[in-house]
Every structure is written in structure tokens, then in C-alpha cells.
Amino acid sequence: MSTTASFRTHEVPDDLLAAIDYCYDQGWTDGLPVVPPVVDRVKAMLAADNRPPDTVIAKHPATGLDLSLHAAAVNAVMAGCLPEYFPAVVAAFEAMDKPDFNFHGSTASTGGSAPLVIVSGPYAEQIGMNADVNLFGPGNRANGTIGRATRLILRNVFQMLPGISDKSTQGNPGKYSFCIAERARGNPWPLLCETQGYPKGTSSVTVYAGGGFCNVENHGGNTPEQILASVADAMANYGCITLGQAVVILAPEHMQIVAGAGWTRERAQAYLFSEAKRSVEGMKAVGKYRDREYDTQHGEGAHALAEKGFMHRGLTPDDILITMGGGDAGGHSCFIPSWSRGRGSIMQHSAIRASQK
Amino acid sequence: MQLYSPLSTTPKRKAVRAPALGSIDGLRIGILENGKLNAEEMLNEVAALFVQHHGCTVRTLASKKNASAPAPSNTLVQVAQEVDFLITGLGD
């Protein structure tokens, strides 16, 4: 091993398969083969950001380990990213670095969440991301490798190692990759990047510590209430109801029913907040009721829709992110629960930097 | 073929253990609970053993709002001024 311009390098034989094996031997992979991070590819990746390679974009709050642009680029190469994907990887970590996201806790926990990365705005289409059929994969290089780069950085840079510093009880398939684009085509609601207050034309990345993936099937409902009641039921299941946030990706068929009836995002959020609830008695029956949580939801400053005697999911309707994604055919939406411990991680977003080109 | 290392280049921080206490008899105890179910109960039970067997006194109960985030530095600074040693741990 040697050091070149303060970045460590490893000399390996000029044999690609041997280099892949070398990466395995070093413990640098997520279990799948990686692209060996050869110097030229890393430099090409770094060229997608005009800041110095030693610029720190995130810091681990407990260990003090830094994520530099250089280390991010190395891992992005290993994940299979093209240079044009790099701004999304960088923006994801700039968002995850915000303290309320708490990437240490959400990665280390037995709860087993994975950072869901949602790319919103024109950038997604520019780099060929998939917001359509097979939204959550497989099949699209940008979606797959941006999400994978996120995982490899958590592993290699921040040393969140399965079984050692990542103590997830059962893991999560999203820990390989969990990245989607918001569907703009045919979306009747403002895009996330617009609601987040970014200037027109600026794309964004939203990160959310997602506890899994729950398919919500409804092919028979034809009113907003019927569709959203199915979603609310999934959101309130005993296995995952907490004070935590929620992400709901409505299939285009479902969105057509909801928005086609004139419902706005805000109305849908309010409906889901009202309906995604369990009675106090029910929560007690399964051993999940806590006074402290009930008081948080119903005490001073409680939202007007928080019904006495019930535990709702989240604290306000704004805790529910709803947008559209997936293929045109099929009444299959999804709900993604938050990391199991409620409000230990709050979703964050960051702009995809226009200067990174 | 030259590969870049994917690891952080941050220099390792030197972590040093606090010196061991010569005796814990009669010392002041702080409790830092993390908000998890049963954490406070478990730590109070542990503290009661120190009170019973070593004549310690419980001075402070500090809480973390977020179980999985490091304790805020101002919490630690304040507690350090009030106690001789601190008990913390998980509850679930």
C-alpha cells in the first residue's frame, strides 16, 4: 500500500478478476463483486464535482470519521456509478449528514433500516433514472448504483460493518440498494423538489431511514377513500406503527383515482394521518403502548386530527411523504415504514448542486 | 494496476480510558438513560446496588431524547460537574 497525494493506493496485478478478488479480500464489498477503483475511474468520478477532493461532505457523529469527496468517488466507482450519477451520491450524504437524520443510529440499530434515496426533478431523467415500471428494481443502472454507493460508503468510510457496528437483527434487502426517482411524467402534484422550496429547475435528493417495503394492493377500489384506506391500514399495522414518519409511493393507477377526484397532496396526507391509527386498548393488548408516546402525540401542540384514545402514525400529516412512482399498469402502491424506533431519524433533503459539472 | 482505498482518510482518534476510581464508597452517581423502554428502571436498579453496598448517593438523572445519538456535549459537561461517576446502558 502506498500514499499518492494523501490518498492511499493499493498496487495489484493487472488482472481484473484478481482485482475484484482483492477487493473481497480487503473486506470492501457488500457481498457482491465491485468495480475495482482504479485511479483513472476515480478521477473521472471526481471531475463531476468542482470542489477539492479532500472536501468533507459528512462526518460520523460518534467515531469522527470523515467522508471526503475522494472517498465518496472511490466507493461510487466500486458501486458501478457513472460520473454523472455522482452529484446524487454527494447530495444524499449532504442530506444524511444533517443531525436529525442520525445516520449512525439508523444504520447501527437492530431495527435494520436502509437509507431510501429519492431523486426528484429534471436531473433524474437527465441521468436516465427509472421512475416507472419496476421502480424499486431491478434493471436500472443509475437507481441501482446510486443506492449501492450509499451502502458502500456507510460500510467502507464509516465502518458500519454488519455484525459489528451494524447490528440489524434481520437486515433489509434495501441495504444493498434503495434508490428511486420520483415520477414526473403524469404526476398531478408538485414534485418533491418544488415543495421543498428549491428554485425551479433545481433537483433534490430526499433521504429516509426506511424499515422495509410494504406492497399495498387494491384493484377494486375506485374512490380516494378506498385507495387511501388500504394504505392507512398498512401504515397502522401493529408490527410497525410508531410515532415515526412514513413514505407512500402511489402507483399511477391509484394516483389517477386520488388526484382525479380533486384530492391534493395535503388532503391525502390529512386523510392518511386521520386513518392510520390504533386504539390505546389495542396498543396495550400487543404490549406496545407507552404513556410517553401518547403524551407526545396528544399533549400541548398536538395536531387537531390526533384523536383521543388513539395512537396515530407520526405527529402530523406532514410526516407522511406521498408521491407517485411505478408503471402505468397495476393497483400496487407501497408504504415504507420508518426505522423502528419512531422519531430517531427524520427525513432530510438536499439540492443536487448545479455547479457539480 | 493501482486501486484507491475506499476507506476514510481521517486520522484515528486517540481514545483514552478515564483513570479508575480508587474507591467508590460514598461517591456521587449520575444516571444517563437513553429513553428506551425500561432503561430508566434498569439503571435505577443498578444505582440502588451502589447505594446499598457502597453508600453512594444518586445526584443526577439525565435523559437523552434520542437513544441512538451521542449524548449532547453540554449534557455530559453538566453531569461531569455534579457526579463522580456515571452509569449508562441500554434498556429494552
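The structure under discussion appears in the preceding block.
Residues numbered from 1 in each chain as written. Chains lettered and ligands numbered in written order. Predicted model: local features only at pLDDT ≥ 70, side-chain atom pairs only at ≥ 80, totals over all residues.

### Side note on the pairing of strand 12 (residues 320-324) of chain A
All names here are of chain A.
Consideration 1: Most of strand 12 is tucked away: 5 of the 5 residues are buried.
Consideration 2: Residues Ile320, Ile322 and Met324 point to one face of strand 12 and Leu321 and Thr323 to the other, with burial holding for every one of them.
Consideration 3: Sheet analysis places strand 9 (residues 246-250) next to strand 12, joined by 5 bridges and oriented parallel. The residue of strand 12 that forms the bridge with isoleucine 249 is threonine 323. (Buried ≥ 20, exposed ≤ 12 C-beta atoms within 10 Å, placed from the backbone. Helix = DSSP H or I, 4+ residues; strand = E, 2+ residues; numbered from the N terminus. Pairing = 2+ DSSP bridges.)

### Comments concerning the pairing of strand 3 (residues 56-59) of chain A
Residues and elements named next belong to chain A.
Consideration 1: Relative to strand 4 (residues 66-68), strand 3 runs antiparallel, the two being bridged by 3 bridges. What sits directly across from alanine 58, in strand 4, is leucine 67.
Consideration 2: Hairpin connection, strand 3 to strand 4: the antiparallel pair is bridged by 6 residues, and glycine 64 has positive phi, about 80 degrees.

### Here's the deal with the nonpolar core
Consideration 1: Counting 107 residues, the largest nonpolar core has Ala72, Ala76, Val89, Val248 and Leu272 of chain A as its most contacted members.
Consideration 2: Both domains that meet at this core, namely domain 1 (12-211 + 347-357) and domain 2 (212-337) of chain A, each give it at least three residues.
Consideration 3: Residues in contact with valine 89 of chain A, not counting those within four places in the same chain, are Ala72, Ala76, Cys81, Ile146, Ala149 and Thr150 of chain A.
Consideration 4: Ile29, Ile31, Ala39 and Leu43 of chain B belong to the second largest nonpolar core, which has 7 residues in total. (Core = buried A, V, L, I, M, F, W, Y, C linked by C-beta atoms within 7 Å. Domains from an automatic or database assignment. Contact = placed C-beta atoms within 7 Å.)

### A word on helix 2 (residues 39-46) of chain A
Because an α-helix packs 3.6 residues into every turn, residues spaced three or four apart end up facing the same way.
Consideration 1: Within the span of helix 2 of chain A, buried status applies to Arg41, Val42, Met45 and Leu46 of chain A. On an axial view of helix 2 of chain A, the arc spanned by its buried residues comes to 140 degrees, and they lie on one face.
Consideration 2: Elements in contact with the buried residues of helix 2 of chain A: helix 3 (69-79) and helix 4 (86-96) of chain A together with strand 1 (2-4) of chain B. (Arc of directions from axis to C-beta.)

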